[in-house]
Amino acid sequence: MDTDRTTGRGTGQVTVVIADEHPLYLEGIRSALHDCTDITVTGAASEPIDAMRLAARLRPRVALIDVAMPEVVDYLTRRCPAVRVLTLGTGDDGRNLLTALRAGTYGHLLKGSEPGEVAAALRSVALGQMVFGRGVGTRLLAHLSAPVMRMPFPGLTQREREVLEYLADGRSNAEIARELCLAPKTVRNHVSNVLNKLEAPTRVDAALRARDAGLGSRLVLTHV
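Residues numbered from 1 in each chain as written. Predicted model: local features only at pLDDT ≥ 70, side-chain atom pairs only at ≥ 80, totals over all residues. Heavy atoms only, no water.

Here's the deal with the overall build of the protein
- Assigned secondary structure in the protein consists of 10 helices and seven strands.
- Among the 224 residues that make up the protein, the fraction classed as buried is 47%.
- In the protein, 62% of the contacts between residues at least 6 apart in sequence involve partners at least 24 apart.
- Carbon and sulfur atoms provide 55% of the accessible area of the protein, an area that totals close to 11100 Å². (Helix = DSSP H or I, 4+ residues; strand = E, 2+ residues; numbered from the N terminus. Buried < 20%, exposed > 50% of the residue type's maximum accessible area, 1.4 Å probe, protein only. Contact = heavy atoms within 4.5 Å. Areas by Shrake-Rupley, 256 points an atom, 1.4 Å probe, with all protein chains shown as cover.)

Structure (structure tokens):
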């Protein structure tokens, strides 16, 4: 998915590019911001590469990015410093959130935030202020104070780890897409990233390595 629309940019206009892996949520955010006369969504994407291209081309004041897209966050904070990044997440992505904050994002919201809270956060970030939605501080502190546990494959993002779990159970790309409510193309990209990071020649090798590390259920591998 890769869409954009350009409009006149008033003095106080906040231009925004949105990126989220879930197309339905993406459209929900666009719809929620539609009635905000001072906020213009100039582009939206559900694929990381599309999000990077849109933001680099349109140069919005704020990029509202799914924290499960760490490559987009990293790219924008390094290559497009004038674009202020605000991340969104479910609350179970503490590791990605810490990575995003270290990269230089301007804050984080939970995906259950009310439309008014999202709009207010975008306006604040456009002014250079840091914003943390309700409940984010508590969750972040809990993550920071939790005992450090050694996890297998630390180079994977949370989403890639989820995909690897499904690979360990022998799930096909189509099944993973249904389970995670993602586009098939997005799943293919995640699988490719997992194979590259694990230096696994095939998904079967990745699945076996994952099961050796304790990932996945104890189901018998039927198809991978």
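There's plenty left to go through after this.
Thoughts on the side chain of T105
- Secondary-structure assignment places T105 in the loop between α4 (94-103) and β6 (107-110).
- Overall, T105 belongs to the buried group, its relative accessible area being 5%.
- For T105, the side chain forms a polar contact with the main-chain oxygen of A100, separated by 3.2 Å.
- Not counting residues up to four positions away in its chain, the partners in contact with T105 are V73, T77, V85, T87, A100 and M130. (Polar contact = N/O pair within 3.5 Å; in protein donor to acceptor, adjacent residues only side chain to side chain.)

A look at the pattern of salt bridges
- For the structure shown, the criterion picks out 10 salt bridges.
- R123 is paired through a salt bridge with D38; the nearest N and O atoms lie 2.6 Å apart. Residue R123 is located in helix α5 (residues 115-126), and its partner D38 is located in the loop between α1 (23-33) and β3 (39-45); the two are separated by 85 residues in the primary sequence.
- Since its relative accessible area comes to 30%, R123 is described here as partly exposed. (Salt bridge = Lys/Arg side-chain N within 4 Å of Asp/Glu carboxyl O.)

Describing the packing of helix α7 (residues 158-168) against helix α9 (residues 184-198)
- α9 packs onto α7 with a crossing angle of 90° between their chain directions and a minimal axis gap of 9 Å. If you check the angle between α7 and α9, you find them roughly perpendicular. For the pair α7 and α9, the contacting residues are R159, E160, V163, L164 and L167 in the first and H190, V191, N193, V194, K197 and L198 in the second. (Axes fitted to C-alpha atoms, helices over the stretch in contact; angles between N-to-C directions. Parallel < 35°, antiparallel > 145°, perpendicular 65-115°, else oblique.)

Looking at helix α10 (residues 203-212)
- Among the residues of α10, those classed as buried are R203, A206, A207, A210 and R211. Down the axis, α10 shows its buried residues gathered within 130° of arc, on one side only.
- Close packing links the buried residues of α10 with α7, α8 (173-180) and α9. (Arc of directions from axis to C-beta.)

Some remarks on the nonpolar core
- If you look at the biggest cluster of nonpolar residues, it comprises 22 residues, and the most contacted ones within it are L33, L64 and L122.
- Contributions of two or more residues to this core are made by β2 (14-19), α1, β3, β4 (62-66), β5 (84-89) and α5.
- The element best represented in this core is α5, accounting for six residues.
- For L122, the residues in contact, after removing those within four places along its chain, are V14, V16, L33, I39, V62, L64 and L86. (Core = buried A, V, L, I, M, F, W, Y, C linked by side-chain atoms within 4.5 Å.)

Side note on the environment of P152
- Tracing the chain through its elements places P152 in the loop between α6 (136-145) and α7.
- Setting aside residues up to four positions removed in sequence, P152 forms contacts with R161, A213 and L215.

A short note on the pairing of β4
- The buried fraction of β4 is high, at five of five residues.
- Burial of β4 is two-sided: the residues V62, L64 and D66 facing one way and the residues A63 and I65 facing the other way are all buried.
- Looking at chain direction, β4 and β5 are connected through five bridges and run parallel. The residue of β5 that forms the bridge with V62 is R84.
- Assessed by its sense of winding, the connection that carries the chain from β4 through helix α3 (residues 70-79) to β5 is right-handed. (Pairing = 2+ DSSP bridges. Right-handed = clockwise from strand over helix to strand, strands pointing away.)

Considerations on the packing of α7 against α10
- It is the contact of α7 with α10, at a shortest axis distance of 8 Å, that shows an interaxial angle of 95°. Taken together, the axis directions place α7 and α10 in an arrangement best described as roughly perpendicular. Only R203, A206, A207, A210 and R211 of α10 make contact with α7, whose side of the interface consists of L164, L167 and A168.
- The class makeup of the residues in the contact of α7 with α10 is six nonpolar, no polar and two charged. (Nonpolar A, V, L, I, M, F, W, Y, C, P; charged D, E, K, R; others polar.)

Concerning the confidence of the model for the protein
- Averaged over every residue, the pLDDT of the protein is 84; residues scoring 70 or more account for 83%.
- For the protein, strand β1 (residues 2-4) is the element with the lowest average pLDDT, namely 49, and β2 is the one with the highest, namely 97.
- Across residues 218-224, confidence stays below pLDDT 50; counting only partners more than four residues off in sequence or on other chains, it has 17 contacts. (pLDDT = per-residue confidence, 0-100.)

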